[in-house]
Amino acid sequence: MKPPAAPALTGDDIQMAVRDFFTPAQLAAFVDLPYNYQRARWGEQQLLDPGRRLQMRRVPGEPEAGALCT
């Protein structure tokens, strides 16, 4: 039995990529993964990368604009 297919990316997902949380190549690799377990594994690998920037400031229009997100 196959796991259910992963849901499509939301506007929030795409906005994270636009704001440099992911590079376009990283986002493309993520989108190409068909199953949730594969996306979870991919995310874990990204977050465990010691060179990964894990903080950003919220932009105007987002809740708590200017707050640091980790």
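Use the structure listed above.
Residues numbered from 1 in each chain as written. Predicted model: local features only at pLDDT ≥ 70, side-chain atom pairs only at ≥ 80, totals over all residues. Heavy atoms only, no water.

Asker: Would you mind going over the overall build of the protein in detail, with residue names and values included?
Answerer: Of the regular secondary structure elements, the protein holds 3 helices and 2 strands. Start at the N end of the protein and walk to the C end: the helices and strands fall as α-α-α-β-β. Within the protein, the fraction of its 70 residues that count as buried is 23%. Counting only contacts in the protein whose residues sit at least 6 apart along the sequence, the fraction spanning at least 24 positions is 48%. About 5,200 Å² of surface is accessible on the protein, with carbon and sulfur atoms providing 61% of the total. (Helix = DSSP H or I, 4+ residues; strand = E, 2+ residues; numbered from the N terminus. Buried < 20%, exposed > 50% of the residue type's maximum accessible area, 1.4 Å probe, protein only. Contact = heavy atoms within 4.5 Å. Areas by Shrake-Rupley, 256 points an atom, 1.4 Å probe, with all protein chains shown as cover.)

Asker: Tell me about the packing of helix 2 (residues 24-31) against helix 3 (residues 36-48), and please be specific about residues and values.
Answerer: Following both chains from N to C, one finds helix 2 and helix 3 inclined at 155 degrees, their axes separated by 9 Å at the closest point. By the criterion of interaxial angle, the relationship of helix 2 to helix 3 is roughly antiparallel. Here helix 2 contributes Gln26, Ala29, Phe30 and Val31 to the contact with helix 3, which in turn contributes Arg39, Trp42 and Gln46. Among the residues forming the contact of helix 2 with helix 3, the class breakdown is 4 nonpolar, 2 polar and 1 charged. (Axes fitted to C-alpha atoms, helices over the stretch in contact; angles between N-to-C directions. Parallel < 35°, antiparallel > 145°, perpendicular 65-115°, else oblique. Nonpolar A, V, L, I, M, F, W, Y, C, P; charged D, E, K, R; others polar.)

Asker: Any chance you could break down the packing of aromatic side chains for me, citing the residues and the numbers?
Answerer: All chains considered together, the criterion is met by 2 aromatic pairs. Between Phe30 and Trp42 the ring centres are 5.0 Å apart and the planes differ by 50 degrees, which places this aromatic pair in the tilted class. Taken together, the residues Phe30 in helix 2 and Trp42 in helix 3 connect sequence positions 12 residues apart. Accessibility assignment for this pair places Phe30 and Trp42 in one class, buried. Here Tyr35 and Tyr37 contribute two aromatic rings whose centre-to-centre distance is 5.9 Å and whose plane-to-plane angle is 10 degrees, an arrangement assigned as stacked. (Phe/Tyr/Trp six-rings, centres within 6.5 Å; stacked < 30°, edge-to-face > 60°.)

Asker: Tell me about helix 2, residues and numbers included.
Answerer: For helix 2, the complete set of buried residues consists of Gln26, Leu27 and Phe30. The buried side chains of helix 2 occupy one side of the element, clustering within an arc of 95 degrees when seen end-on. Within helix 2, the exposed residues directed more than 90 degrees away from the buried face are Pro24 and Ala25. (Arc of directions from axis to C-beta.)

Asker: Explain the environment of Phe22 residue by residue, including any values.
Answerer: By the secondary structure assignment, Phe22 is in the loop between helix 1 (11-18) and helix 2. On the basis of relative accessible area, Phe22 is assigned to the buried category, the value being 13%. Sequence spacing of Phe22 and Gln46 is 24 residues, and the spatial spacing of their C-alpha atoms is 9.3 Å.

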